[in-house]
Amino acid sequence: MLEKLDLTKSLGKAEYKEKMAELMPKLGELQRECREYGIPVMIAFEGYGASGKGVQIGELIKALDPRGFEVYAVKNETEEERMHPFMWRFWTKMPAKGRIAIYDSSWYRKVLIDRFEKKTKKRELADAYRSICSFEEQMTSDGMVIIKIFLAIDKKEQKKRFDKLMDSKETAWRVSEGDLKRNKEFEKYQEVNEEMLTRTDTEYAPWNIVEAVDRRFAAAKIYAVVAQTLSEKVEEARKKACKEKDKKDGKKEEGTSVKNTPENKAELMSDGSIRQDKKMKESILGKADLRLTYTKEEYKARLAKLQKKMEKLHGELYRKRIPVVLGFEGWDAGGKGGAIKRLTEKMDPRGFVVHPTASPNDIEKAHHYLWRFWVDMPKAGHVTIFDRTWYGRVMVERIEGFCSRQEWQRAYKEINDMEKDLADAGAIVLKFWMQIDKDEQARRFSARQENPKKQWKITDEDWRNREKWEQYEEAVDEMLIRTSTPYAPWIVVEGNCKYFARIKVLETVVEAIEKRLDKDMEKNKK
């Protein structure tokens, strides 16, 4: 691919000025329209050293309102970044709706420079490519525009530019030993780039290869690529807005609908999915034995022993730099808070954090729904506990109509991919569903209402949600089946007896940590 490029392409000064006189105002207008329609944009610059990424980014932003973009220079990972999954630092640098983020080098560094320098091991490559493609697919599915630009020059031109930089004390620092090595082994590094381009050139995030020997030609082509891509996305947004306006004005759309007939043995649900005959559905929740219980004496004895273990293991997690992600979901009044409290009671408060997840605020709504969870993921050696999680997308958002059917259906894969990223980075990931029956929930609701100190825990919405118990039950069963994986399993906790539920949570976490420590010990022996 790269060796076939015609790198002699160039533009004269007059022709360049003529093209830019048209493209620059157009790009400024498109930025304003992206802001109007809430279109987020990520522009990633990759290419060979000295190919002009910094220069071309400088040219590109001349047409943009500086209040609407941010430029990120992606170099070696900081210590903080190294202690998270490698995509974490890009999730935390994601633009909100209507804004533009420009990256001088990007998430591709891991499969390019880091790979060439053997910082990325061969065994890590497949997972790195999977993470990258998953990230880009998730972003674009949610409305992000990703423009990827690869600047190409040849070995001779690169050497010439390096020599010029090194001739001046003011610019010599910009040429590293790594740059010179990659120039010396240009053909080898070119193969690495060829593989990257082939494996990540997708329909939703295609590569734009720019012949960059002539800087005027490169600048004009980059402007044309960005303007064309944004024009298409703005036009899509405009049509969508018109369609929604027509719908609001009462104009009917053409299409077909699913008939809810007895012959189908199905019921059309509020989210547009079909509820099948219960005999045809697998029920995970239905298998939970809610009669399981401990006496108060048994509970106290087991609790003391497990908490002592947890205290010790928490220190080992920090020493071994193992991150832990624990997610708690369940019915209202299912016992999440009580289980979390007993789990963390003897842990060092400097090494864990509990995030209670509420409805997303305006800033969170301006990003991909997983963004607010990514930014709170633990660094190596720390424990993060989520009281309610990213699974709200396939439960409450699905049932209450806060997202489209297409959005919650694709969320299963997006969530599995995120949890795989965490596991690949060394995290222990466990998810707990706190299961109680409807009668037990009613009893707990009533007890809360009668206790002045606990009345704040119960709302009218909690009572209303009981009316949708069967819908939630079906959604939860589907969630458990589709997102319980070896690397991030679901644990259904029988919770009618709070004592039993709290002990099961502690036992599960302790067992998972011990198993991981034993595995690491065996690995080190080899």
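What the protein contains, in helices and strands, is 20 helices and twelve strands. Summarising its shape, the C-alpha atoms of the protein cover approximately 85 × 70 × 45 Å along the three principal directions. Summarising the internal contacts of the protein: among those between residues at least 6 apart in sequence, 80% fall at separations of at least 24. When the accessible surface of the protein is summed, it comes to about 27900 Å², and 50% of that surface belongs to carbon and sulfur atoms. Computed over 107 positive and 94 negative side-chain charges, the separation of the two mean positions in the protein equals 3 Å.

Over its 25 residues, helix α1 (residues 13–37) runs 36 Å from end to end, which matches the ideal 36 Å to within 8%, given 1.5 Å per residue. What α1 keeps buried is the set Tyr16, Met20, Leu23, Leu27, Gly28, Leu30, Gln31, Glu33 and Cys34. Looking at the residues trailing α1, positive phi occurs at glycine 38, about 70°.

Moving on, we get to the sheet that holds strand β8 (residues 324–330). Backbone hydrogen bonds are what pair the strands of a sheet, in a parallel or an antiparallel way. The strand order β9-β10-β8-β11-β12 describes an open sheet built from five strands, whose pairing is parallel. The sheet is open, and its two borders are formed by β9 (352–356) and β12 (490–494), each paired with just one other strand. Strand-to-strand, the axes of this sheet are offset by a mean angle of 20°, without reference to chain direction. By the bridge criterion, seven bridges tie β8 to strand β11 (residues 428–435) in an arrangement that is parallel. Each residue of the ladder has a partner; that of valine 325, found in β11, is valine 429.

What follows covers the nonpolar core. Counting 113 residues, the largest nonpolar core has Ile43, Trp107, Trp390 and Trp433 as the members making the most contacts within it. Contact partners of tryptophan 107, with chain neighbours within four places excluded, come to Met42, Ala44, Phe86, Met87, Phe90, Ile132, Phe135, Glu136 and Ile146. Formed by 35 residues, the second largest nonpolar core is a distinct cluster that contains Leu326, Phe352, Met434 and Ala512.

Another point: helix α11 (residues 296–320). Helix length check: α11, at 25 residues, gives a terminal C-alpha distance of 35 Å against a target of 36 Å (1.5 Å per residue), a fit within 8%. Among the residues of α11, those classed as buried are Tyr299, Leu303, Leu306, Gln307, Met310, Leu313, His314 and Leu317. Residues of α11 that are buried make contact with β8, α12 (336–344), β9, β10 (383–387), β11 and α20 (498–525). Positive backbone phi, approximately 60°, marks arginine 321, located one or two places after α11.

Moving on, we get to the side chain of glutamate 211. Considering the arrangement of structural elements, one finds glutamate 211 in strand β5 (residues 207–211). Of the residues examined, glutamate 211 reaches a relative accessible area of 5% and is grouped as buried. Side chain to side chain, glutamate 211 and lysine 9 meet in a polar contact 3.4 Å long. At 2.9 Å, the side chain of glutamate 211 forms a polar contact with the side chain of lysine 221. The contacts of glutamate 211, once residues within four sequence positions are left out, are Leu5, Asp6, Leu7, Lys9, Ala152, Phe217, Ala218 and Lys221.

One non-glycine residue, serine 105, lies in the positive phi region at around 75°. Within the secondary structure, serine 105 sits in the loop between β3 (100–104) and α5 (113–116). If you check the backbone angles, lysine 118 has positive phi at about 65° while not being a glycine. Note on placement: lysine 118 falls in the loop between α5 and α6 (125–141).

A few words now on the confidence of the model for the protein. In this model, the protein carries a mean pLDDT of 92, and residues with pLDDT of at least 70 account for 94%. The low-confidence segment residues 252–277 (pLDDT under 50) makes 39 contacts with residues lying over four places distant or belonging to another chain.

With that settled, the discussion passes to the packing of α6 against helix α16 (residues 405–424). One can describe the packing of α6 onto α16 by two numbers: an axis separation of 10 Å at closest approach and a directional angle of 145°. Here α6 and α16 pass one another in a crossing that is left-handed. Within the contact between the two elements, α6 uses Asp127, Arg130, Ser131, Ser134, Glu137, Gln138 and Ser141 and α16 uses Arg410, Lys413, Glu414, Asp417, Lys420, Asp421 and Asp424. Split by residue class, the contact of α6 with α16 holds no nonpolar, four polar and ten charged.

On to the sheet that holds strand β4 (residues 145–152), then. Spatially, five strands are ordered β2-β3-β1-β4-β5 in an open sheet, and the strand pairing comes out parallel. Two strands lie at the open edges of the sheet, namely β2 (69–73) and β5, each paired on one side alone. Neighbour-to-neighbour, the strand axes of the sheet open up by a mean angle of 20°, direction not taken into account. Looking at chain direction, strand β1 (residues 41–47) and β4 are connected through seven bridges and run parallel. In the strand pairing of β4, alanine 44 is matched with lysine 148. Running at roughly 135° to β4, α6 makes contact with β1 and β4 of the sheet.

Conventions used here
Residues numbered from 1 in each chain as written. Predicted model: local features only at pLDDT ≥ 70, side-chain atom pairs only at ≥ 80, totals over all residues. Heavy atoms only, no water. Helix = DSSP H or I, 4+ residues; strand = E, 2+ residues; numbered from the N terminus. Contact = heavy atoms within 4.5 Å. Areas by Shrake-Rupley, 256 points an atom, 1.4 Å probe, with all protein chains shown as cover. Lys, Arg positive; Asp, Glu negative; His and termini not counted. Charge placed at Lys NZ, Arg CZ, Asp CG, Glu CD. Expected span 1.5 Å × (residues − 1). Buried < 20%, exposed > 50% of the residue type's maximum accessible area, 1.4 Å probe, protein only. Pairing = 2+ DSSP bridges. Axes fitted to C-alpha atoms, helices over the stretch in contact; angles between N-to-C directions. Core = buried A, V, L, I, M, F, W, Y, C linked by side-chain atoms within 4.5 Å. Polar contact = N/O pair within 3.5 Å; in protein donor to acceptor, adjacent residues only side chain to side chain. pLDDT = per-residue confidence, 0-100. Left-handed = near helix turned anticlockwise from the far one by under 90°. Nonpolar A, V, L, I, M, F, W, Y, C, P; charged D, E, K, R; others polar.

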